[in-house]
Amino acid sequence: MAAWCSGDSSSKPIFVGIYGAVLGGFAVSALFFLLSSFSSLSAPPLPLPTTATTTTIAVTANLSRPTPTQPETMYNRPIWKPPPRGSWMPSPRAFRLTREMVAARARDGAIVVTFGNYAFLDFILTWVRHLTDLGVDNLLVGAMDTKLLRELYLRGVPAFDMGSRMATEDAGWGSPTFHKMGREKVLLINALLPFGYELLMCDTDMVWLKNPLPYLARYPDADLLTSSDQVIPTVTDDSLENWREVSGAFNIGIFHWRPTEPAKRLAKEWKDLVLSDDKLWDQNAFNDLIRKNFGNPVEGQGDLVYSYDGKLKLGVLPASIFCSGHTYFVQGMYKQLHLEPYAVHTTFQYAGTEGKRHRLREAMLFFDQPSYYDSSGGFLSFKPSIPKSLLLDGAHNVESHFALVNYQLKQIRTALAIASLLKRTLVMPPLWCRLDRMWFGHPGVMEGTLTRQPFLCPMDHVFEVHVMLKDLPKEEFGPPIDFREYSFLDNPSLPKEVKESLLEVQLCDDRSSGCSSINETNKHRPLLLPRNSTEEKLLNIFSSYKSVKIIQFSSMVDAFGGFADAAVETKFRNRVKRYVGLWCCVELREIGHIYYDMYWDEKPGWKPHPPETREQDHPPWS
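- The name that an unreviewed UniProt entry assigns to the protein chain is Nucleotide-diphospho-sugar transferase domain-containing protein, with the source organism given as Urochloa decumbens.

### Thoughts on the overall build of the protein chain
Part 1 of the argument: A tally of regular secondary structure across the protein chain gives 20 helices and 22 strands.
Part 2 of the argument: Put simply, the protein chain has 622 residues, and 55% of those count as buried.
Part 3 of the argument: Considering only intrachain contacts with a sequence separation of at least 6, the fraction spanning at least 24 residues in the protein chain is 71%.
Part 4 of the argument: With an accessible surface of roughly 26800 Å², the protein chain has 54% of that area assigned to carbon and sulfur atoms.

### Let's talk about the sheet that holds strand β7 (residues 250–257)
Part 1 of the argument: The strand order β3-β2-β1-β4-β7-β6-β10-β9-β8 describes an open sheet built from nine strands, whose pairing is mixed. Edge positions in the sheet fall to β3 (159–161) and β8 (296–298), since each has one partner strand and no second. The sheet shows a mean angle of 35° between the axes of neighbouring strands, direction not considered.
Part 2 of the argument: When strand β9 (residues 301–307) meets strand β10 (residues 312–316), the two strands line up antiparallel, connected through three bridges.

### Observations regarding the pattern of salt bridges
Part 1 of the argument: Summed over all chains, the structure comprises 31 salt bridges.
Part 2 of the argument: Of the charged contacts, one joins E198 and R258 as a salt bridge, the two residues approaching to 3.4 Å between their closest N and O atoms. Placement of the pair is E198 in strand β4 (residues 198–202) and R258 in the loop between β7 and α9 (261–276), with a sequence separation of 60 residues.
Part 3 of the argument: For E198, a relative accessible area of 25% translates into the label partly exposed.
Part 4 of the argument: One salt bridge in this structure joins K603 and D597, with 2.4 Å as the shortest N-O distance.
Part 5 of the argument: Given the relative accessible area of 32%, K603 is considered partly exposed.
Part 6 of the argument: One salt-bridge network, in which partners are shared between bridges, spans E72, R77 and K81.

### Considering the state of the cysteines
Part 1 of the argument: Enumeration over the complete set of coordinates arrives at three disulfides.
Part 2 of the argument: C433 shares a disulfide with C457; S-S distance 2.1 Å. The chirality of the disulfide connecting C433 with C457 is right-handed, given an S-S dihedral of about 50°. With a gap of 24 residues between them, C433 in strand β15 (residues 432–433) and C457 in the loop between β16 (455–456) and α16 (465–468) connect regions that are remote in the sequence. The same class applies to C433 as to C457, namely buried.
Part 3 of the argument: One disulfide bridge connects C508 with C515, the sulfur atoms lying 1.8 Å from each other. Measuring the twist about the S-S bond at about 60°, one finds the C508-C515 disulfide to be right-handed.
Part 4 of the argument: Look at C515 and you get buried, because its relative accessible area is 7%.
Part 5 of the argument: The connectivity of the disulfide-linked cysteines in the protein chain, indexed sequentially, is 1-2, 3-4, 5-6.

### Some details on the sheet that holds strand β11 (residues 322–323)
Part 1 of the argument: Across the sheet, which stays open at both edges, the three strands sit in the order β5-β12-β11 with mixed pairing between neighbours. With partners counted over all chains shown, the strands left at the sheet margins are β5 (206–208) and β11, one partner each.

Cut-offs used in this document
- Residues numbered from 1 in each chain as written.
- Predicted model: local features only at pLDDT ≥ 70, side-chain atom pairs only at ≥ 80, totals over all residues.
- Heavy atoms only, no water.
- Helix = DSSP H or I, 4+ residues; strand = E, 2+ residues; numbered from the N terminus.
- Buried < 20%, exposed > 50% of the residue type's maximum accessible area, 1.4 Å probe, protein only.
- Contact = heavy atoms within 4.5 Å.
- Areas by Shrake-Rupley, 256 points an atom, 1.4 Å probe, with all protein chains shown as cover.
- Pairing = 2+ DSSP bridges.
- Axes fitted to C-alpha atoms, helices over the stretch in contact; angles between N-to-C directions.
- Salt bridge = Lys/Arg side-chain N within 4 Å of Asp/Glu carboxyl O.
- Disulfide = S-S within 2.5 Å.

Right, dumping it as structure tokens:
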């Protein structure tokens with residue numbers, strides 16, 4: 001444990017406390033394992049992510065299989081290979097981070113590490129799965145609670161106990177738990193660097209799309225390579241960013257450390273700094289240290305710059321291929337520059353962890369369990385209808401943006417109502433925006449970026465994804481309405497039997513001779529549904545199709561005539577009003593944001609104007 005807590009004599013009181021906390025943590029961990037984990041592992045271990053292929057598993061097994069002179073242990077066991085049934089959980093001591101553990105997993109002197117608590121189990125499994133699919137198995141996961149540690153061990157994911165005794169719940173951004181997790185990252189880097197291996201440290205809310213290790217090896221003289229929040233490209237190829245033009249903060253969600261003396265000095269001072277103030281954000285502290293002595297180019301290597309103490313050689317990973325949430329999901333910078341992305345980190349997004357998960361699902365980069373791809377009530381989808389004029393005509397401004405989004409909101413509101421009536425899960429449509437969303441005033445899109453207008457915007461730009469997933473009281477808000485991302489039906493993980501169980505619904509004029517609510521349908525002809533159908537008619541018609549997995553409407557424009565029960569409608573309104581968020585922000589205004597309104601069309605003269613006063617600054621829920 002010395003590597004975790006090494007320091008000069010002036011910091012002894014701090015580290016005595018840390019030693020005590022760590023020892024206490026091991027005692028609690030030991031008790032937990034004795035009570036729950038030392039039982040025989042008689043139950044079948046939890047499975048691999050369901051979409052893993054035989055080829056992938058074989059490749060991974062070959063990469064991590066121990067040599068003939070090296071017996072298989074929990075350290076070098078192939079990833080995704082669970083422990084034998086009937087075996088006993090190893091002692092807590094076996095999960096301590098040691099040089100031997102890292103040596104067993106490292107390849108070519110490098111180790112890839114992430115960490116988290118149980119709340120991020122699905123993110124961690126997704127992170128591991130992407131790497132193993134790429135043939136990268138030199139990885140370790142730090143478990144901040146014993147529940148996560150046990151889950152990872154049972155699934156065959158190499159993990160170690162960080163001794164954090166972290167709660168298993170999600171830590172909201174900026175919360176005390178969030179800052180604690182940041183400090184744990186800094187402590188972890190200080191623990192790993194003395195082992196002498198190159199360290200690629202990652203947050204769990206990112207995924208790898210291409211093996212990064214060959215790219216990092218292109219810059220052997222760099223002490224540190226870091227990602228950034230840069231949104232304006234400084235290069236157009238796959239070289240490092242031009243550090244002279246980087247204005248965005250250095251982002252510590254993806255960065256690569258070499259075990260050099262300058263890097264170790266930086267890590268130690270960073271640790272001392274964050275331990276001295278439990279409210280200090282680790283990323284801000286890192287940026288402050290890096291910028292202390294910044295700006296002299298490394299001779300003969302202009303893409304590297306001296307920083308920190310004037311001796312540390314720093315490179316900035318290109319945001320076009322080591323993508324942020326903005327350069328990947330909004331700008332699609334890698335597409336426009338015809339590059340292959342290595343990674344995407346879910347930054348620049350809204351709606352918390354739920355928003356991050358949904359972003360990755362929209363991009364079909366998240367690995368969910370089989371139950372996610374099925375639903376007892378089936379799914380409901382529709383083809384959105386957007387006039388060309390709303391998408392393309394006129395200037396891109398607040399008015400045209402809200403006209404476009406509001407037109408889509410009205411259709412989604414109808415779809416939510418029908419999904420609620422039929423007790424089906426709504427597959428959200430792709431959402432188009434004219435203006436970007438930021439947390440500060442801007443001219444529509446940030447100048448210098450490659451954002452196109454209009455663009456396919458992430459759902460969390462308009463919808464409060466976390467509220468849509470919240471367990472709201474049924475007495476006030478009616479039954480929950482489950483939903484899926486717009487790309488759901490195209491996801492390769494969707495079972496064939498679900499995809500092929502499809503009923504197409506075509507809206508028609510009730511007065512026309514061909515439009516009948518009692519029509520027969522087959523796989524070659526859509527079911528005809530009169531426009532503005534009543535609640536009773538919808539229930540009667542679709543009661544015959546409960547076994548059909550996907551009902552797809554040709555349109556949602558005038559598809560529903562309204563609820564029969566006023567109390568049911570009131571609860572539905574209470575719910576969906578809270579589903580939409582706000583657009584931000586008009587420049588040069590104290591209150592520059594504008595609330596979206598699910599029922600904008602019922603308010604004559606509605607205009608997309610920011611609140612004039614603080615008293616008016618509230619969501620349109622009344």
